[in-house]
Amino acid sequence: MLKPTENSAEPFFQSNDGGLTEDFAYRAVSRAAVLSTAFSVIGLLSWISPLLVVIPLLAVVFGFVGLSKIKRYSSELTGRVWAIVGLVLGLSMLIAAPVKHGYIYMTEVPEGFERVSFSVLKSPTGAPDFPTPAAMELSGKKIFLKGYIHPTSLSGMSAKTFVLVPDWATCCFGTQPPLTHMIEVRLVNEKFAQKSFRQHSLAGTFEVIPYKKQVDGLDGVYYLLEAEHFK
């Protein structure tokens, strides 16, 4: 067992046989290195959603910061392995995730359909909640868009009709969205919809109804989509 010597001006340790060992030096783990590893692990979610690509970017930034500080204060800091793991994993996801999502974006729209964002269908804030001019121009056209299934619009465990909403918050909390934030979807293929909190891709014929159409569990809709593709 090592025992500290007495009457010493500097802290060192003495072995049982009377020999002196090297000075014991404590080095703290770099917080930047730990954060780099943590963000790189969380950043794996960017493979699922392109909105999360910023997380592996943070892993890369903290990885470089951690390595820089460890090199500069080598006698005080440790954690080089953590920084390297975070840096490598973060860089990998920072490259792979955008490539994957870019490929999906370029190939996901079926031939003959036009990509449409929910934003052109929603009435502006403070304006009357009626179909927008852009929506009126799209009526009767084949469109492709993405959205979430409103949980109260499914009649059972699986259904051929449901209401599509633009954002995750409305989907998961089941609040009453504005009328122009909803599309009644009718699946015309062999697929059925089930309750889900993930984003879906749909393609079909879009129609603007000139009156507020009632739907179960919600105030009503102006938009209808006869969906040929559902994923």
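Structure shown above.
Computed from a predicted model, the values in this text were never measured in an experiment. (Residues numbered from 1 in each chain as written. Predicted model: local features only at pLDDT ≥ 70, side-chain atom pairs only at ≥ 80, totals over all residues. Heavy atoms only, no water.)

Q: How should I be thinking about the overall build of the protein in this particular structure?
A: Helices and strands together make up the secondary structure of the protein, namely five helices and twelve strands. Looking at the protein residue by residue over its 231 residues, the buried ones come to 37%. Residue pairs at least 24 apart in sequence account for 65% of intrachain contacts in the protein once pairs closer than 6 positions are excluded. A total accessible area of about 14,000 Å² is found for the protein, and carbon and sulfur atoms account for 62% of it. (Helix = DSSP H or I, 4+ residues; strand = E, 2+ residues; numbered from the N terminus. Buried < 20%, exposed > 50% of the residue type's maximum accessible area, 1.4 Å probe, protein only. Contact = heavy atoms within 4.5 Å. Areas by Shrake-Rupley, 256 points an atom, 1.4 Å probe, with all protein chains shown as cover.)

Q: Help me understand the pattern of salt bridges in this model?
A: Two side chains with opposite charge may pair up if their charged atoms get near one another. Evaluated as defined, the whole model comprises five salt bridges. Counted as one network, the salt bridges with shared partners bring together E108, R115 and K146. (Salt bridge = Lys/Arg side-chain N within 4 Å of Asp/Glu carboxyl O.)

Q: Help me understand the nonpolar core in this model?
A: If you look at soluble globular proteins, the nonpolar side chains tend to sit buried side by side. Counting residues in hydrophobic clusters, the biggest one holds 32 residues, and the most contacted among them are L121, F162, I183, V185, F206 and L225. Going through the elements one at a time, α4 (133-138), β6 (142-149), β8 (161-165), β9 (183-187), β11 (200-215) and β12 (218-230) are the ones with two or more residues in this core. Excluding residues that lie within four positions of it along the chain, F206 makes contacts with L121, A135, L138, S139, G140, K141, I143, I183, Y223, L224 and L225. (Core = buried A, V, L, I, M, F, W, Y, C linked by side-chain atoms within 4.5 Å.)

Q: Would you take a moment to explain the environment of S196 for this structure?
A: Along the chain, S196 turns up in the loop between β10 (193-194) and β11. Given a relative accessible area of 16%, S196 falls into the buried group.

Q: Can you help me understand the packing of aromatic side chains in this one?
A: How two aromatic rings sit relative to each other is set out by the distance from centre to centre and by the angle between their planes. In total, this model carries four aromatic pairs according to the counting rule given. Their ring planes at 15 degrees and their centres at 5.6 Å tell us that F39 and F62 sit as a pair that is stacked. Of this pair, F39 sits in helix α1 (residues 31-42) while F62 sits in helix α2 (residues 54-72), and the two are 23 residues apart along the sequence. Here F39 falls in the partly exposed class, since its relative accessible area comes to 22%. Residue class for F62 comes out partly exposed when judged on its relative accessible area of 25%. Ring centres of F206 and Y223 lie 5.3 Å apart, and the angle between their planes is 50 degrees; this geometry places the pair in the tilted category. (Phe/Tyr/Trp six-rings, centres within 6.5 Å; stacked < 30°, edge-to-face > 60°.)

Q: I keep staring at α2 and nothing clicks. Help me out?
A: Counting along an α-helix, one turn takes 3.6 residues, and residues three or four places apart therefore face a common direction. The end-to-end C-alpha distance of α2 is 27 Å, a good match for the 27 Å that 19 residues give at a rise of 1.5 Å each. Those residues of α2 that sit buried are I55, P56, A59, V60, G63, G66 and I70. For α2, the angular spread of buried residues about the axis comes to 145 degrees, placing them on one side. Looking at the buried positions of α2, the neighbouring elements they touch are α1, β4 (77-78) and α3 (80-107). (Expected span 1.5 Å × (residues − 1). Arc of directions from axis to C-beta.)

Q: How should the packing of α1 against α3 be read in this particular structure?
A: Packing of α1 against α3 leaves a shortest axis separation of 7 Å and a crossing angle of 30 degrees. Where α1 crosses over α3, the two elements pack in a sense that is left-handed. Taking contact as the criterion, the partners of A33, S36, T37, S40 and V41 in α1 are, on α3, W82, A83, V85, G86, L87, L89 and G90. Looking at the contact of α1 with α3, its residues break down into seven nonpolar, five polar and no charged. (Axes fitted to C-alpha atoms, helices over the stretch in contact; angles between N-to-C directions. Left-handed = near helix turned anticlockwise from the far one by under 90°. Nonpolar A, V, L, I, M, F, W, Y, C, P; charged D, E, K, R; others polar.)

Q: Can you help me understand the pairing of β12 in this one?
A: Within a regular strand, the side chains alternate between the two sheet faces. Of the pairings in the sheet, the one linking β9 to β12 comprises five bridges and is parallel in character. Note on β12: the bridge partner recorded for V185 is L225. The pairing of β11 with β12 spans nine bridges and is classified as antiparallel. Each bridged residue has a counterpart across the sheet, and for A203 the counterpart in β12 is H229. (Pairing = 2+ DSSP bridges.)

Q: What is the right way to look at the side chain of N189 in this model?
A: Turning to its location among the elements, N189 is positioned in the loop between β9 and β10. Among the polar contacts made by the side chain of N189, one reaches the main-chain amide nitrogen of K191 at a distance of 3.1 Å. (Polar contact = N/O pair within 3.5 Å; in protein donor to acceptor, adjacent residues only side chain to side chain.)

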